[in-house]
Amino acid sequence: MHNFTPVSALIGGVIIGLSVVLYFYATGRLAGISGIFENTITNSSKRVSNALFLIGLIIGPLLIYYLILPDKPIAFEITNSYLLIIPGGFLVGFGTRLGGGCTSGHGICGIGRLSVNSMIATVIFLITGMITVYILQQLGIYL
Amino acid sequence: MKDKLISLVSGVIFGIGLVISEMTNPDKVIGFLSITHNWDASLIFVMGGGIIVAGPFFFLLKNKETSAIGNQINLPKNQKLDNKIIVGSALFGIGWGLVGLCPGPAIAAVATFDPIAFVFLISMAAGVLTKKNIVK
């Protein structure tokens, strides 16, 4: 196993959990990002608040990249193949809204609320994600 | 006003958590999904950390009808498991595995100013709007 970083992963996860708690306690809404994204790009209630959440989601990384750790290179290693990027993005958008949630909405909020549907959804997207990566590795696209 | 401020602050905190946990690095996510080869299990701890913190609060607050700033609380009701949840989650997982970005990190990735991140985000928006227009 290389690059195993359980401590930073756990700290990051706890911070995400704190955001979920603050957001729910104050506004009564669940911090499911795919739903917030849909509400922002379509005409819906709380559109401005939703857009502000997403802007915050960009400001947080900006603070770390450019103010807190300006000397550390930004770790963003992504495929440069648009044959993966465009269908990948489309399936993430389409699938999360059809399935009613993503890693945050089902994976953290849903499982945190002991929703059986969210547990099933999370297992399914983890399995299809792992199968997809396995196939891409067999094709030599990912190492 | 309070709602807007809380939303912005929650987003900032969430985004910081994503960077610290390295969910914002697609290569890290692919390593996590690569269960048969050099598996990097770190990201289990992200979901675990989030659930450990949020779970007890959801339990304590489960019967509340209004939030701290007075909003009505409308939690999703326990629906029957339907094909949409299964098919949608399966498709999401495929997209996630193709690139290594899920919705939160896809939006946070704007902070990298990498053009590829913008192409992914526009494709994701197209997927959301397509679903909205073809599935009730």
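Residues numbered from 1 in each chain as written. Chains lettered and ligands numbered in written order. Predicted model: local features only at pLDDT ≥ 70, side-chain atom pairs only at ≥ 80, totals over all residues. Heavy atoms only, no water.

## A few points about the interface of chain B and chain A
Here's step 1: With 104 residues of chain B at the interface, the matching set in chain A holds 105 residues.
Here's step 2: Interface area, chain B with chain A, both sides summed: about 9700 Å², of which 78% is carbon and sulfur.
Here's step 3: Ranking the residues of chain B by area buried against chain A places Phe14, Phe58 and Leu98 of chain B at the top, with a combined share of 8%.
Here's step 4: At the junction of chain B and chain A, the tally comes to three salt bridges. (Contact = heavy atoms within 4.5 Å. Buried area = accessible area lost by both parts, 1.4 Å probe. Salt bridge = Lys/Arg side-chain N within 4 Å of Asp/Glu carboxyl O.)

## Thoughts on the pattern of salt bridges
Here's step 1: Considering all chains together, one arrives at five salt bridges over all chains under this definition.
Here's step 2: Note that Glu38 of chain A and Lys132 of chain B form a salt bridge whose closest N and O atoms lie 3.5 Å from each other. With Glu38 of chain A in helix H2 (residues 33-41) and Lys132 of chain B in helix H6 (residues 115-134), this residue pair bridges two chains.
Here's step 3: For Glu38 of chain A, a relative accessible area of 10% gives the class buried.
Here's step 4: Taking the relative accessible area as the measure of exposure, Lys132 of chain B reaches 42% and is therefore partly exposed.
Here's step 5: Asp40 of chain B serves as the salt-bridge partner of Lys28 of chain B, at 2.9 Å between the closest nitrogen and oxygen. Taken together, the positions of Lys28 of chain B in helix H2 (residues 26-33) and Asp40 of chain B in the loop between H2 and helix H3 (43-60) put the pair 12 residues apart, joining distant regions of the chain. For the residue pair Lys28 of chain B and Asp40 of chain B, the accessibility class agrees, reading buried in each case.
Here's step 6: The structure contains a network of salt bridges with shared partners spanning Arg29 and Lys46 of chain A together with Asp3 of chain B. (Helix = DSSP H or I, 4+ residues; strand = E, 2+ residues; numbered from the N terminus. Buried < 20%, exposed > 50% of the residue type's maximum accessible area, 1.4 Å probe, protein only.)

## Here's the deal with the nonpolar core
Here's step 1: Of all hydrophobic cores here, the largest spans 66 residues; its most connected members are Val20 and Phe53 of chain A together with Trp96 and Ile107 of chain B.
Here's step 2: At seven residues, H6 of chain B tops the list of elements feeding residues into this core.
Here's step 3: Not counting the four nearest positions on each side in its chain, Trp96 of chain B is found in contact with Val92, Thr103, Phe125 and Leu126 of chain A together with Val29, Ile30, Phe32, Leu33, Leu101 and Cys102 of chain B. (Core = buried A, V, L, I, M, F, W, Y, C linked by side-chain atoms within 4.5 Å.)

## Side note on the environment of Phe59 of chain B
Residue and element names in this part refer to chain B.
Here's step 1: Within the secondary structure, Phe59 is located in helix H3.
Here's step 2: The class for Phe59 is exposed, based on a relative accessible area of 54%.
Here's step 3: Between the C-alpha atom of Phe59 and that of Pro103, which follows or precedes it by 44 residues, the distance is 26 Å.

## Examining a nonpolar patch on the surface
Here's step 1: A contiguous nonpolar patch, built from Val123, Ile127, Ile131, Tyr134, Ile135, Leu139 and Ile141 of chain A and spanning about 640 Å² of accessible area, is present on the exposed surface.
Here's step 2: Note that Tyr134 of chain A resides in helix H6 (residues 116-138). (Patch = residues over 30% accessible without salt bridge, like charges linked within 9 Å, V, L, I, M, F, W, Y side chains within 5 Å. Areas by Shrake-Rupley, 256 points an atom, 1.4 Å probe, with all protein chains shown as cover.)

## A few points about the packing of helix H5 (residues 103-112) of chain A against H3 of chain B
Here's step 1: With their axes 7 Å apart at the nearest point, H5 of chain A and H3 of chain B run at an angle of 45° to one another. Of the possible angle classes, the one that applies to H5 of chain A and H3 of chain B is oblique. Both H5 of chain A and H3 of chain B take part in a crossing whose hand is right-handed. The segment H5 of chain A lies against H3 of chain B, with Thr103, Gly107, Ile108, Cys109, Ile111 and Gly112 of chain A engaging Met47, Gly50, Ile51, Gly55 and Phe58 of chain B. (Axes fitted to C-alpha atoms, helices over the stretch in contact; angles between N-to-C directions. Parallel < 35°, antiparallel > 145°, perpendicular 65-115°, else oblique. Left-handed = near helix turned anticlockwise from the far one by under 90°.)

Geometry only, nothing functional implied.
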